[in-house]
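Residue strings, one per chain:
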Amino acid sequence: MSPVLSVSAVKKTYKSGQVALHEIDLTVQKGEIFALLGPNGAGKTTLISIICGLVSMTSGQVLVAGHDIVRDYRAARAMIGLVPQEIALDIFATVEDTVRFTRGLFGRRGAPDRIEQLLRDLSLWDKRGARTMELSGGMKRRVMIAKALSHDPDILFLDEPTAGVDVNLRRDMWEIVRRLRDRGVTIILTTHYIEEAEEMADRVGVIDRGRLVLVEETAALMRKFGKRRLSIMMQQRMEAIPPELASWPLRLEAGGERLVYDFDAKAPDTGIPRLLRDLGTAGIDYKDLETSRNSLEDIFVDLVENGA
Amino acid sequence: MSGLNFRGIWAIYRTEMARTRRTVWQSVATPVITTVLYFIVFGGAIGSRMKQVGGVGYGAFIVPGLIMLTLLTQGISNASVAIYFPKFTRTIFELLSAPISSTEAVFAYVGAAATKSVMIGLIILATATLFVPVRVLHPGWMVAFLLLTAVSFALFGFIIGIWAENFEQLAIIPSLVVTPLTFLGGAFYSIDMLPQPWRTISLFNPVVYLVSGFRWSFYGVGDVGVATSLGFIVAFMVLCLALLWWIFRSGYRLKP
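Residues numbered from 1 in each chain as written. Chains lettered and ligands numbered in written order. Predicted model: local features only at pLDDT ≥ 70, side-chain atom pairs only at ≥ 80, totals over all residues. Heavy atoms only, no water.

**Q** Teacher, can you tell me more about the sheet that holds strand β14 (residues 286–293) of chain A here?
**A** Note: strands within a sheet are paired through backbone hydrogen bonds, in either parallel or antiparallel orientation. Residue and element names in this part refer to chain A. Pairing is antiparallel in the open sheet, where 4 strands are placed in the order β12-β13-β11-β14. Two strands close off the open sheet at either side, each with one partner strand: β12 (250–253) and β14. Ignoring which end each strand starts from, the neighbouring axes of this sheet average 25° apart. By the bridge criterion, 7 bridges tie strand β11 (residues 228–234) to β14 in an arrangement that is antiparallel. Note on β14: the bridge partner recorded for Leu-230 is Thr-291. (Pairing = 2+ DSSP bridges. Helix = DSSP H or I, 4+ residues; strand = E, 2+ residues; numbered from the N terminus. Axes fitted to C-alpha atoms, helices over the stretch in contact; angles between N-to-C directions.)

**Q** In this structure, what is going on with the interface of chain B and chain A? I would like to understand it.
**A** How big an interface is tends to be stated in terms of the accessible area lost upon association of its parts. Across the boundary between the two partners, chain B contributes 29 residues, which contact 31 residues of chain A. In total, chain B and chain A occlude about 2700 Å² of area from one another, counting both sides; carbon and sulfur atoms represent 58% of this. On the chain B side of the interface with chain A, the three residues burying the most area are Arg-7, Phe-93 and Pro-256 of chain B, jointly 24% of the side's total. For the pair chain B and chain A, the interface holds 3 salt bridges. (Contact = heavy atoms within 4.5 Å. Buried area = accessible area lost by both parts, 1.4 Å probe. Salt bridge = Lys/Arg side-chain N within 4 Å of Asp/Glu carboxyl O.)

**Q** Looking at this structure, how should I read unusual backbone geometry?
**A** Leaving glycine out, the prevailing phi sign among residues is negative, and the prevailing peptide bond configuration is trans. With an omega of 5°, the peptide bond between Gln-196 of chain B and Pro-197 of chain B qualifies as cis. By the element assignment, Pro-197 of chain B lies in the loop between α7 (167–183) and α8 (198–202). Positive phi values are uncommon outside glycine, yet Glu-160 of chain A reaches one of about 50°. Looking at where Glu-160 of chain A falls in the secondary structure, it is placed in the loop between β7 (155–159) and α6 (167–182). Glu-160 of chain A gets classed as buried once you look at its relative accessible area, which sits at 3%. Although it is not a glycine, Arg-90 of chain B sits at a positive phi angle of roughly 65°. (Buried < 20%, exposed > 50% of the residue type's maximum accessible area, 1.4 Å probe, protein only.)

**Q** Would you take a moment to explain the pattern of salt bridges for this structure?
**A** Close approach of charged atoms allows side chains with opposite charge to pair. All names here are of chain A. Tallied over the entire structure, the rule returns 23 salt bridges over all chains. The shortest N-O distance in the salt bridge between Arg-71 and Asp-68 comes to 3.6 Å. Looking at Arg-71, the relative accessible area reads 68%, which means it is exposed. When the shortest N-O distance is used, the salt bridge between Asp-152 and Arg-114 registers 2.5 Å. In this pair, Asp-152 sits in the loop between α5 (137–149) and β7 while Arg-114 sits in helix α4 (residues 112–121), placing the two residues 38 residues apart along the sequence. By relative accessible area, which is 26% here, Asp-152 ends up partly exposed. Through salt bridges with shared partners, a single network forms among Asp-121, Glu-175, Arg-178, Arg-179 and Glu-199.

**Q** What is the right way to read the packing of helix α6 (residues 139–163) of chain B against helix α10 (residues 226–250) of chain B from this model?
**A** Axes are the key here: two packed helices are described by the angle between their axes and the distance separating the axes. All names here are of chain B. Interaxial distance between α6 and α10 falls to 10 Å at its minimum, and their mutual angle equals 30°. In terms of orientation, α6 and α10 fall into the roughly parallel class. Judged by the sense of rotation from one axis to the other, the crossing of α6 with α10 is left-handed. Across the interface between the two elements, Trp-141, Phe-145, Leu-148, Thr-149, Val-151, Ser-152, Phe-153, Leu-155, Phe-156, Phe-158, Ile-159 and Ile-162 from α6 touch Val-226, Ser-229, Leu-230, Ile-233, Phe-236, Met-237, Cys-240, Leu-241, Leu-243, Leu-244, Ile-247 and Phe-248 from α10. Per-class residue counts for the contact of α6 with α10 are 21 nonpolar, 3 polar and no charged. (Parallel < 35°, antiparallel > 145°, perpendicular 65-115°, else oblique. Left-handed = near helix turned anticlockwise from the far one by under 90°. Nonpolar A, V, L, I, M, F, W, Y, C, P; charged D, E, K, R; others polar.)

Structure (structure tokens):
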């Protein structure tokens, strides 16, 4: 399958001399949900802006479904929808007019049914006649999404889609993302909410100081770095690990009140039942058990800090 | 999609024209009221004490100049605001990310701005006929000058809108350069009425050529030859187009 997006050796140096991106290479397949993670100023927005035509690249090439974004910009851009980080709307226009405007701008024939469906999906239908300046922040963001989807793009870019967004909108947003994915739309998003990337994204790219330091399937990444951990809260404080348990890779934490066991959740035998039996045999009482898992955030912090 | 993005051009044009409808009083009533005031002051109060200028009654004489003045200021302000405002509100991202060429976008924005100024110009012409007898000797040339001037100054306004980084800069060229040039450009007098050296200095004022050519199309008299006028306005238009070509090529103030 040919990639829907292919970024090769894309570099960006701003006029000030600041290097925003050092040679970025990235391919995204059709129908994928790809999450770009990275600290502020890492170059996430610059990369998206280059692909969408808002910023010109210093060198390199970007193909959207095989169309060069510079030479064949019409075909490339017609496939892309962008929801930028900041809300930017014509404040005097009505909701319906501004969505229809974007569809026209992208060269699509007016389709009242399609616009109605879109506004209904985004709970904007009742507000269709309202000027955008009369809307709340969350509603404005919905309008931004409606505009980006108005021309039925094949690739949707969401730059920090859930930053400063209330719970309802966040839930709706992910619902929309799921539905779009089911329709085969490719979604590329940047986010600070790593749990969301972990839950939603098929693959994750970590960008730091203008370099793409890692691209990995979310599941593989979690497998590789995502160790699980069993914490056993002791009934009585333990000075040292008793000899009966010497064969287990255990360590004591919290001043001997917690026994910690790291294991691989994907392994056929996690060892947990045996460990618990051995504890019983050794006459060690415990009051609580807890399992946890390395989050993508831990992995991310690890990568960015150790990559320094 | 292949070929030109006509729907995109239409979307911009229609949205820009809708803005005029929303602000119909500001867009249409203001120039009409201003023109009526000019007629009362210049045509009525002053003109009644003036002889004819170049064989034309003073009230009728100032009509082409007034229309030109409006075309210039309206063309510049409409087009500059049309492109500056999306920059200011950051909605310009949409234009930059759309499958529309710079030429198409300019065509749409400048077309809308020029349409508005021509409409206002014609309204002023209609208003003027209520006050003074207006003849148009060369209607074809009149329309040609009207369109060329409206388009050229809309292009000029578009450039100002791209160049401006704040509202002050947006206002500075119209108020500091264009208004003085129009008032000194023979809208209210023939430059023959000026003493030397001002008469010669006036020949360096581009507006003189616009007003003169336009007035010639009405009454067959002008300060300079009609070919010179036409040549000037075409040259100005080419200059604006060349500047715009450079702006889009370099991404000046649009794309970092």
